[in-house]
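Here is what each chain is made of, one letter per residue.
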Amino acid sequence: MVNTSLYAAFLVTAFALCVTPGPDMMFIVAMGGRGGPAAGVLAACGVACAMLVHSAAAALGLSALFAALPVLYHVLRWAGAAYLLHLAVKAFRARSLPGEEGAPAGPGLRRAFWQGAVTNLLNPKVILFNIAFLPQFVDPELGHVREQLLALGLTIVTMGFVVDGSVGLLSGRLSALLRRSRRVARGLNVFSGTVFAALALRLAASPQ
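No experiment lies behind these values; they were computed from the predicted model shown.

A.B. asks: Is there a simple way to think about the packing of aromatic side chains in this case?
C.D. replies: We describe a pair of aromatic rings using the distance from one ring centre to the other and the angle between the two ring planes. Applying the stated criterion to the full structure yields six aromatic pairs. Ring pairs connect the aromatic residues Tyr7, Phe10, Phe129, Phe133 and Phe137, which therefore count as one cluster.

As structure tokens, then:
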């Protein structure tokens, strides 16, 4: 279904992209820091599921709408920035240790998954990335272009989940050790809020 040489080049390029720290990885680190190892892994799973949706949309040609209609891009961009700011405010407010009287706990596992998914789905840069990146490794002479795009998308989603899931697990384990100190626990919540706020500003300020 795919060109072997192109697929090999795709694997190398995709791996380099997956291990390079970016907004998704920083988000997962922050989620692991707030909720522990399971929350970090579930956030990575949510991001992976959202990436799968983006890949399917690109294969079906739906993502091209955002390139053709800039207003859709900007609506999604501002919605994503607002959601990240909402998460930042929640993190800044949760400055006490989970379990303390009157202290809000970290994100639940189901919430960690959905927050990872929604954050990625509301990032229009991911949509444009799929439009620009995946077709470069498709061989039209083989036919089945849609199937080739889906295969490439599934590959990078799987690779990304392995990398991001490992990062979420490690950050969560480290935070679980650090949270034994009340002062460090509060600092981790502030760190998470800062990451979410920085990602929101980055998304809001970025041009198409």
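A.B. asks: I'm lost on helix 3 (residues 37-60) in this one. Help?
C.D. replies: Residue pairs spaced three or four apart in an α-helix point in one direction, given the helix's 3.6 residues per turn. Spanning 24 residues, helix 3 covers 35 Å between terminal C-alpha atoms, matching the ideal 34 Å at 1.5 Å per step. After helix 3 finishes, the residue Gly61 shows a positive phi value of roughly 85°.

A.B. asks: Is there a simple way to think about empty space enclosed by the protein in this case?
C.D. replies: Rolled over the atoms, a probe as big as a water molecule pinpoints where empty space is left. Within this structure, the stated rule accounts for two cavities of 30 Å³ or more. Forming the walls of the largest cavity are Pro23, Asp24, Phe27, Leu84, Thr119, Asn123, Lys125, Leu199, Arg202 and Leu203. Secondary structure elements with two or more residues in the lining of the largest cavity: helix 2 (23-35) and helix 9 (182-205). Per-class residue counts for the lining of the largest cavity are five nonpolar, two polar and three charged.

A.B. asks: So what exactly am I meant to see when it comes to unusual backbone geometry here?
C.D. replies: The phi torsion at His144 lies on the positive side, around 50°, for a residue other than glycine. Turning to its location among the elements, His144 is positioned in the loop between helix 7 (124-133) and helix 8 (145-178).

A.B. asks: What should I look at first to understand the layout of surface pockets in this one?
C.D. replies: Space inside the largest pocket adds up to approximately 600 Å³. Along its surface, the largest pocket is lined by 23 residues, and Leu17, Pro23, Asp24, Met51 and Phe129 are the ones closest to its centre. Of all elements in the fold, only helix 1 (4-19), helix 2, helix 3, helix 7 and helix 8 reach the threshold of two or more residues within the lining of the largest pocket. Residue contributions to the lining of the largest pocket peak at five residues, all from helix 8. Each residue belonging to the lining of the largest pocket can be placed in one class, and the counts come to 15 nonpolar, four polar and four charged.

A.B. asks: Which parts of the structure should I look at to understand helix 2?
C.D. replies: Taking 1.5 Å as the rise per residue, helix 2 with 13 residues should run 18 Å; its terminal C-alpha atoms sit 18 Å apart, in good agreement. Residues of helix 2 that are buried include every one of Met25, Phe27, Ile28, Ala30, Met31, Gly32, Gly33 and Arg34, and no others.

Criteria and thresholds
Residues numbered from 1 in each chain as written. Predicted model: local features only at pLDDT ≥ 70, side-chain atom pairs only at ≥ 80, totals over all residues. Heavy atoms only, no water. Phe/Tyr/Trp six-rings, centres within 6.5 Å; stacked < 30°, edge-to-face > 60°. Helix = DSSP H or I, 4+ residues; strand = E, 2+ residues; numbered from the N terminus. Expected span 1.5 Å × (residues − 1). 1 Å grid on protein atoms, 1.4 Å probe; cavity = no way out; pocket = protein on both sides within 12 Å on 5 of 7 lines; lining within 4 Å. Points joined across faces, edges and corners; volume = space filled by probe spheres on them. Nonpolar A, V, L, I, M, F, W, Y, C, P; charged D, E, K, R; others polar. Buried < 20%, exposed > 50% of the residue type's maximum accessible area, 1.4 Å probe, protein only.

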